[in-house]
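Below are the chains, spelled out letter by letter.
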Amino acid sequence: MGCAASRRKGMPLPALLACLALPLFLSGCATYSDSFGPIQGSLSSQKYDAALKDIEKQSRSKTDLVLYLLNKGMVLRMKRDFAGSNQALEAAKTEMERLYAASVSQNAMSFLINDSTVSYGGEDYEQVLVHLYMALNYLELGQKDDARVEAQQVDIKLREIAAKVSGNRYTRDAFTLYLTGMIYEDLGERSDAMISYRDAYTAYKKYQANYGMPMPEELKRDLLRMAVQQGLKDEAAQYSKEFNIPLASLAADPPKAKDGELVFIFSNGLVPIKREKRSSIVAPPPSAFTGNAPATPGVYVTIALPYYESRSNNVASARISAIDKQASTERVENMDAIARASLDSHMGAITARSIARAVVKAKVQEAVDRAGQNRNNNDSGAALLGSIFVRVAAVATERADTRSWLTLPAEIQLARLHLPPGKYTIKVELLDAGGQTVATREYPGINIAEGHMSYLTEHWTPPAMPSTARR
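This one's a predicted model, so the numbers in the text were calculated from it and none came from an experiment. (Residues numbered from 1 in each chain as written. Predicted model: local features only at pLDDT ≥ 70, side-chain atom pairs only at ≥ 80, totals over all residues. Heavy atoms only, no water.)

### Section: the pairing of strand S9 (residues 437-448)
Thought 1: Relative to S9, strand S8 (residues 422-431) is paired through 9 bridges, and the arrangement is antiparallel. Within S9, the position partnered with glycine 422 by the bridge is isoleucine 448.
Thought 2: Taken together, S8 and the strand that follows it, S9, pair antiparallel across an intervening segment of 5 residues, in which glycine 435 is found at a positive phi of about 85 degrees. (Pairing = 2+ DSSP bridges. Helix = DSSP H or I, 4+ residues; strand = E, 2+ residues; numbered from the N terminus.)

### Section: the pattern of salt bridges
Thought 1: All told, the structure shown has 30 salt bridges when counted by the stated rule.
Thought 2: Two residues, lysine 57 and aspartate 54, come together in a salt bridge whose shortest N-O distance is 3.3 Å.
Thought 3: Here glutamate 276 makes a salt bridge to arginine 399, at a shortest N to O gap of 3.0 Å. On the criterion of sequence distance, the pair formed by glutamate 276 in strand S2 (residues 273-283) and arginine 399 in the loop between helix H16 (380-396) and strand S7 (411-419) is long-range, its members being 123 residues apart. Each member of the pair glutamate 276 and arginine 399 is classed as buried.
Thought 4: Taken together, the shared-partner salt bridges connect Glu185, Arg190, Asp222, Arg225, Glu261 and Arg416 into one network. (Salt bridge = Lys/Arg side-chain N within 4 Å of Asp/Glu carboxyl O. Buried < 20%, exposed > 50% of the residue type's maximum accessible area, 1.4 Å probe, protein only.)

### Examining the confidence of the model for the protein chain
Residues shown with low pLDDT carry predicted positions that ought not to be read at fine detail.
Thought 1: Confidence in the prediction for the protein chain averages 83 pLDDT; 76% of positions are at 70 or higher.
Thought 2: Contacts of residues 4-8 to residues separated by more than four positions or lying in other chains number 8 contacts, the stretch itself having pLDDT below 50.
Thought 3: Confidence drops under a pLDDT of 50 for residues 24-28, and excluding neighbours within four residues, the segment shows 6 contacts in the predicted structure. (pLDDT = per-residue confidence, 0-100. Contact = heavy atoms within 4.5 Å.)

### Side note on the packing of helix H6 (residues 82-99) against helix H8 (residues 124-140)
Thought 1: Their axes nearest at 10 Å, the elements H6 and H8 cross at an angle of 155 degrees. Taken together, the axes of H6 and H8 lie roughly antiparallel to each other. Read as a crossing pair, H6 and H8 show a hand that is left-handed. The segment H6 lies against H8, with Phe82, Ser85, Asn86, Leu89, Glu90, Lys93 and Met96 engaging Glu126, Gln127, Val130, His131, Tyr133, Met134, Asn137, Tyr138 and Glu140. (Axes fitted to C-alpha atoms, helices over the stretch in contact; angles between N-to-C directions. Parallel < 35°, antiparallel > 145°, perpendicular 65-115°, else oblique. Left-handed = near helix turned anticlockwise from the far one by under 90°.)

### Concerning H6
Thought 1: Taking 1.5 Å per residue, 18 residues should reach 26 Å; H6 reaches 25 Å between its end C-alpha atoms and fits that length.
Thought 2: Those residues of H6 that are buried lie in contact with helix H5 (65-78), H8, helix H9 (144-164) and strand S10 (453-460). (Expected span 1.5 Å × (residues − 1).)

### Here's the deal with the nonpolar core
Thought 1: With 89 residues, the main nonpolar core has Tyr170, Leu179, Met182, Tyr204, Ile265, Leu408 and Tyr455 as its most contacted residues.
Thought 2: The element best represented in this core is H8, accounting for 11 residues.
Thought 3: Leave out the neighbours within four places in its chain, and methionine 182 touches Tyr197, Val263, Leu414, Arg416, Met453 and Tyr455.
Thought 4: Of all hydrophobic cores here, the second largest spans 21 residues; its members include Ala327, Ala415, Tyr443 and Ile446. (Core = buried A, V, L, I, M, F, W, Y, C linked by side-chain atoms within 4.5 Å.)

### Regarding the sheet that holds S7
Thought 1: The strand order S6-S7-S1-S10 describes an open sheet built from 4 strands, whose pairing is mixed. The strands lining the two open edges of the sheet, one partner per strand, are strand S6 (330-334) and S10. Ignoring which end each strand starts from, the neighbouring axes of this sheet average 25 degrees apart.
Thought 2: Two elements, strand S1 (residues 260-268) and S10, share 8 bridges in a ladder whose sense is parallel. Residue phenylalanine 266 lies in a different strand from S10, and its bridge partner there is glutamate 458.
Thought 3: Across the sheet, helix H10 (residues 174-186) is in contact with S1, S6, S7 and S10; its angle to S10 comes to roughly 150 degrees.

### A closer look at the sheet that holds S9
Thought 1: An order of S5-S4-S8-S9 is seen for the 4 strands of this open sheet, with the pairing classed as antiparallel. This sheet does not close on itself; its edge strands, each paired only once, are strand S5 (325-328) and S9. Between one strand axis and the next, the sheet turns by 20 degrees as a mean value, whatever way the strands run.
Thought 2: One ladder, built from 4 bridges, connects strand S4 (residues 317-322) with S5; its direction is antiparallel. The partner of serine 321 across the bridge, within S5, is glutamine 326.

### Digging into the packing of aromatic side chains
Thought 1: Following the criterion strictly, the structure yields 7 aromatic pairs and no others.
Thought 2: Measuring from centroid to centroid gives 5.1 Å for tyrosine 207 and tyrosine 211, while their planes differ by 75 degrees, and the two rings are edge-to-face. On the criterion of helical spacing, the pair formed by tyrosine 207 and tyrosine 211 is a turn pair, its members being 4 residues apart in helix H11 (residues 190-211).
Thought 3: By relative accessible area, tyrosine 207 is classed as buried at 3%.
Thought 4: With a centroid separation of 6.1 Å and 15 degrees between ring planes, the pair formed by phenylalanine 264 and phenylalanine 266 is classed as stacked.
Thought 5: Judged by its relative accessible area of 0%, phenylalanine 264 falls in the buried class. (Phe/Tyr/Trp six-rings, centres within 6.5 Å; stacked < 30°, edge-to-face > 60°.)

Here you go:
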């Protein structure tokens, strides 16, 4: 019988702590994020099958099923198996929706033991980004209507999250709105495209305030271009002045009417990884604060909280080229900042739960001490051993929940390139901060259709390098 099942059948809390502590001792007290090293090593070497083999081990855990499916879906994307990726991400989305209303029994286990005992349902931004990456998969597969439907789900999910989490700064996903506008425009739905571009404009202004991320230059030109095309003279003049883009510049080098366009979406690096910080002290027993003289020794109180650690990256941007044309990427999504903001919005509740658990475990320690004092002298050794073990178990079972979708990128960048209709070999150069080439990719047979957008995505996983802790 497992520990959780035993608790449901009425196992006393001291015995439950011991039951939960034993596997932690055997595992060396490793957290979820500690297990990601081998996967990242395989991804850095583009050994996707090896990474999938390690990810498959996560399928054994019922509480980590969502993470297994999310990571599997992302690695299949890296392998360019877009249909397989969407199958895994759709399963993850279904499971996240099922877990959205957390079960009472799991919440009870979280309160008594630690947050990682609850089935993982995804952080706020992860529940949103699963829709974005499914949309990108559909675009690579040429299924633009399906991509539009998936992208539209983002706003619905964000409204749900905003109603549930107060103080959450992540209320609109700017890049998804921008992408939705491009999809509408490609499908000839220009009025809807303009609405999405405007929404993206508003969302990026909030990104500037919340994450220090400026509005992409491509979006500025799209807003100005669409305003001109739809005869919105006052709006066009407003954008021209705000963005410092002369209206005459739109006519200076217009794309040829029969050209198509390559939209290159670059997922760069890996999202920051959650780590654990622990604080343990010996404190007076709870009875010391009720006006009664403490009758037992001090209790061990441990607080364990998550924090984010950025993962280093040797690539700063990318450059795409075909025939004699080229374009460089710019950032359109800062997932590193979004992840940190999401954790910040939940940190008050996480801290409160950890403190509450510490109080409960302190009371358990005192109860065990008092029970030992009531035994006869022949049982004093057993009483002492029980007291020590419950203290150790209380410390060992207090762990921060370091689970997250670790195969997400740290950022998304975008470049667009107008090309005459035809098939091309697209060269992708990955550049460091100094503009030097770190790696090169080539994608042959990319079809550019007249008057339409074609999509190409790339996900760069850097070699394992020292991470940067930011608490």
